[in-house]
Amino acid sequence: MKARRLEESAVPHGVFQERAEESLDADSAIKTDGPDAAMERAVEGAVARAVFGSDLRRREFVRYVGAGAAYAILNSVFPMGAAKALAQEKTGPIEKKELKVGFIPITCATPIIMAEPMGFYKKHGLDVQVYKASGWAMIRDLAINRETDATHMLTPMPIAFTMGVGSQAVPFVMPAVENINGQAITLAVKHKGIKGAQDMKGFKFAVPFDYSIHNFLLRYYLAEGGVDPDKEVQIRVIPPPEMVANLQAGNLDGYLGPDPFNQRAVHEAVGFIFMLSKEIWPGHPCCAFAARKDFVEKNPNTFQALFKAIIDATQYAHQASNRKEIAKAIAPKNFLNQPVEVVEQVLTGEFPDGLGNMRKVPDRIDFDPFPWQSMAIWILTQMKRWGYIKGDVDYKKIAEQVYLAADCREVMKSLGYKAPAQNSTKHDFLLGKTKVFDPAKPEEYVKSFAIRRA
Amino acid sequence: MDPHAKTSERKKVVISSLCFLLAFVFFWQVNVKPTLGGKTEGLPSPLAVAEKAWEMLSNPFYDRGANDKGIGVQLIYSLGRLAVGYSVASVVAIFLGVVLGLYPTLYRSVNPYIQILKPISPLAWMPLFLYTIKDSGKAAVMVIFMSSLWPTLANTAFGVSSIKRDYLNVSSLLQLSWLRRLFKVILPAAAPAIVAGLRISMGSAWIAIVAAEMLIGGTGIGYFVWNEWNNLQLTSVIFAILTIGGVGVLLDVGLGRLGKNLSYAE
């Protein structure tokens, strides 16, 4: 019984594509799979018969357009997911109830963390313990060593690890983004007069990890300002929780880091918020929820429940009115271990910037689970641009393999949320020469930059 | 020295020792900064640390979730790791040390490698262990193993090689079995050197475990320090530092007692 719910995936490139095709040929599958699967197929068959009139015409139709397309068309005429969910209340027994989910204590992980104290995991039948890791390299090793079942990651990490960059090659899947926006360039107070990238030559910067949106956005920002990030500044990797202490010690001039550590620097009066990351790319992805591909394949029902809990929590966090309650739930020592006040300033977007201004930016951080494959393609273009990957890159294929957009759409719909109809989209930038990123032309995009290593 | 002079000498030591403590606390108090300019306290006062210590010690075994446990629980985790890594390392080190001490040619031929491995910071092994053992807890124990291996090994080898020839000659004259020779002659004769090695090993193991736990996270006194540092809670960090020092002293004193019991009169 593999990935039953996931096989509803309508898009032919999903990880579970083969199963999607099989499931259309309902009659043959009934005997081999369990009763739940049989029920699903019976529903599918009934719907198909209702739409096409007879089995024969359905088979003809499938043969003509191909199984994937047939399924997609059928799905558009009739809400298949909903019909199946109605016919069968549960997805099947959960293979593994007690799970360990790794996280880094930052507000990006809000949905993953809050799902424990606020009961989202429990609601979906799971007993999850969130496990605090000291840095991203540790998150990687814990996930690869199977010490955690699923984990908080940075959006570029599952891509890099699947490709075997910065790690041994271990296939990961990333079914959901956690947060969009929510990062900032924080500079030490002594740099209050700085106007832009051109004044930052010689700076010592920190980012949380090589394979982080932070690294790529900081490099993007500096390069757009004419500063070569490899030659004219120093960018080092420092775990987020240690950034404030290093800024205070004068060990850093600034960082593009996750919150609450930007706001914490303001709170401690050691730094100020120079620029929010959404002022570079509004709606950029940051952190993600990811799992080893083999864990998902071995425990499809567990994964499905976990996936739902995360989507539920992410949507809950998306509601601005819930943010104060969430801040209170995740600030304690067991989770973020930060002053509630700081966490609240981050989540509500009403914050002092350290320059004497009180700012109101409701979407300073936002939570949106949909893993646009075009986001993965942008990340890959930057990995290529800065020489983290060399040679030909099959942008589309990797994006489709790791970012489970179609599966996320299904789960979002099954929980009653709206989901985008496409897997990829063009992204608009606020800062930079090229204002629109077209995922269909990644190579041209890489070549369009003046400062690049590829 | 007559008993009276001895007690007055001891008095002097205690008094001057207390004076040092007072001077230190005074110096600390003078340098306390109420804030760093921000809202969190800067270097906390001795009193604040004492209060924190009272709070922590009055409820040392609380458990508020996977990432927030009392100081007592954290110490138990750390001491557990220490016990496993250190005892395995000690057994291996003493065994190898005896062999090397008994065969000087072998000792000389492997000595260069021991010398190269000895000065490596046990934490430098961490990434390699994580990659190969694939378990963060075991990797931390392996770090303890590496840190407590060399001092005991070197001291045992030295102790055994400098056993008086007479002892060994007598034991072969008596035709003692290999095992009896080991336990009746070699180990007792080399005991002072071995125990000295064990004490040094314990010190370096205790130093290494804190650093290792700061890296792997999760549990242990090192993780506790790291977690409090994230929140810039220097009060807790100072308290943890003092605790680490205190436990270190207890471990050393314990081994010292063991050494006294094992030593023999010439």
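Right above here is the structure, for reference.
Structural notes, computed from the coordinates. (Residues numbered from 1 in each chain as written. Chains lettered and ligands numbered in written order. Predicted model: local features only at pLDDT ≥ 70, side-chain atom pairs only at ≥ 80, totals over all residues.)

On to the overall build of chain B, then. Within chain B, the secondary structure is distributed over 10 helices and 0 strands. Its C-alpha atoms give chain B principal-axis dimensions of about 75 × 60 × 30 Å. Residues classed as buried in chain B amount to 34% of the 266 residues present. Within chain B, contacts between residues at least 6 apart in sequence are counted, and of these 68% link residues at least 24 apart. (Helix = DSSP H or I, 4+ residues; strand = E, 2+ residues; numbered from the N terminus. Buried ≥ 20, exposed ≤ 12 C-beta atoms within 10 Å, placed from the backbone. Contact = placed C-beta atoms within 7 Å.)

Okay, the overall build of chain A next. Scanning chain A from terminus to terminus reveals 21 helices and 16 strands. Classification of the 454 residues of chain A by burial places 56% in the buried group. Considering only contacts within chain A whose residues lie at least 6 apart along the sequence, 76% involve residues at least 24 apart.

To continue, consider the packing of helix α8 (residues 178-216) of chain B against helix α9 (residues 221-230) of chain B. All names here are of chain B. With their axes 6 Å apart at the nearest point, α8 and α9 run at an angle of 55 degrees to one another. The pairing of α8 with α9 is recorded here as oblique in orientation. Our pair here, α8 against α9, has a crossing hand that is right-handed. Across the interface between the two elements, Ile-209, Val-210, Ala-211, Ala-212, Glu-213 and Met-214 of α8 pack against Ile-221, Gly-222, Tyr-223, Val-225 and Trp-226 of α9. Among the residues forming the contact of α8 with α9, the class breakdown is 9 nonpolar, 1 polar and 1 charged. (Axes fitted to C-alpha atoms, helices over the stretch in contact; angles between N-to-C directions. Parallel < 35°, antiparallel > 145°, perpendicular 65-115°, else oblique. Left-handed = near helix turned anticlockwise from the far one by under 90°. Nonpolar A, V, L, I, M, F, W, Y, C, P; charged D, E, K, R; others polar.)

Right, let's get into the sheet that holds strand β9 (residues 254-258) of chain A. Residue and element names in this part refer to chain A. The mixed open sheet is built from 5 strands, whose spatial order is β8-β7-β9-β6-β10. The sheet is open, and its two edges are formed by β8 (234-237) and β10 (271-276), each paired on a single side. Going across the sheet, the axis of each strand differs from the next one's by a mean of 25 degrees, ignoring polarity. Sheet topology note: the strand β7 (residues 204-207)/β8 ladder contains 4 bridges and is parallel. Note that in β8 the partner of Lys-204 across the bridge is Gln-234. (Pairing = 2+ DSSP bridges.)

Time to look at the sheet that holds strand β11 (residues 287-292) of chain A. Residue and element names in this part refer to chain A. On the basis of which strands lie adjacent, the open sheet formed by 5 strands has the order β2-β1-β3-β11-β4 and mixed pairing. Both edges of this open sheet fall to β2 (127-132) and β4 (172-177), since each of them pairs with a single strand only. The mean inter-strand angle of the sheet, taken between neighbouring strand axes irrespective of direction, is 30 degrees. Examined bridge by bridge, strand β1 (residues 98-103) and β2 share 6 bridges and lie parallel to one another. What sits directly across from Glu-98, in β2, is Asp-127. Of the strands in this sheet, β1, β3 (150-154), β4 and β11 are in contact with helix α15 (residues 300-318), which crosses β4 at around 30 degrees.

On to α8 of chain B. Residues and elements named next belong to chain B. Taking 1.5 Å of rise per residue, the 39 residues of α8 would be expected to cover 57 Å, yet its terminal C-alpha atoms sit only 43 Å apart, more than 12% below that figure. The largest bend along α8 reaches roughly 60 degrees and is located at Ala-191, with the proline Pro-192 sitting one to four residues downstream. The positive-phi residue at the C-terminal boundary of α8 is Gly-217, with phi of around 70 degrees. (Expected span 1.5 Å × (residues − 1). Bend = angle between axes of the 7 residues up to and from the residue.)

At the interface, 25 residues of chain B touch 24 residues of chain A. Among the elements of the structure, α8 and α9 of chain B are those that each provide at least two residues to the side of chain B that touches chain A. Ranked by the residues each element gives to the side of chain B that touches chain A, the list is headed by α9 of chain B, at 4 residues. Classifying every residue of the side of chain B that touches chain A gives 9 nonpolar, 11 polar and 5 charged.

Here we take up the pairing of β11 of chain A. Residue and element names in this part refer to chain A. Summarising burial for β11: 6 of the 6 residues are buried, a large majority. Where β3 lies against β11, 5 bridges are found, and the strand directions are antiparallel. Across the sheet, the residue bridging to Thr-151 is Ala-290, located in β11. Bridge count for β4 against β11 is 4 bridges, and the pairing is antiparallel. Counterpart to Ala-176 in the pairing with β11 is Phe-289.

Turning our eyes to something else, we now look at the nonpolar core. Within the largest apolar cluster, 186 residues are counted, with the highest numbers of intra-cluster contacts made by Ile-310 and Ile-330 of chain A together with Val-143 and Ile-144 of chain B. Top contributing element to this core by residue count: α8 of chain B, with 15 residues. Not counting the four nearest positions on each side in its chain, Ile-310 of chain A is found in contact with Pro-111, Ile-112, Ala-115, Ala-176 and Phe-289 of chain A. (Core = buried A, V, L, I, M, F, W, Y, C linked by C-beta atoms within 7 Å.)

With that settled, consider the environment of Ala-320 of chain A. Locating Ala-320 of chain A in the fold gives a position in the loop between α15 and α16 (323-330). A tally of 13 C-beta atoms within 10 Å means that Ala-320 of chain A is categorised as partly exposed.

Our next topic: helix α10 (residues 234-262) of chain B. Across its 29 residues, α10 of chain B extends 42 Å between first and last C-alpha, which sits within 8% of the 42 Å expected from 1.5 Å per residue. Contact partners of the buried residues in α10 of chain B: α2 (46-58), α3 (71-102), α8 and α9 of chain B.

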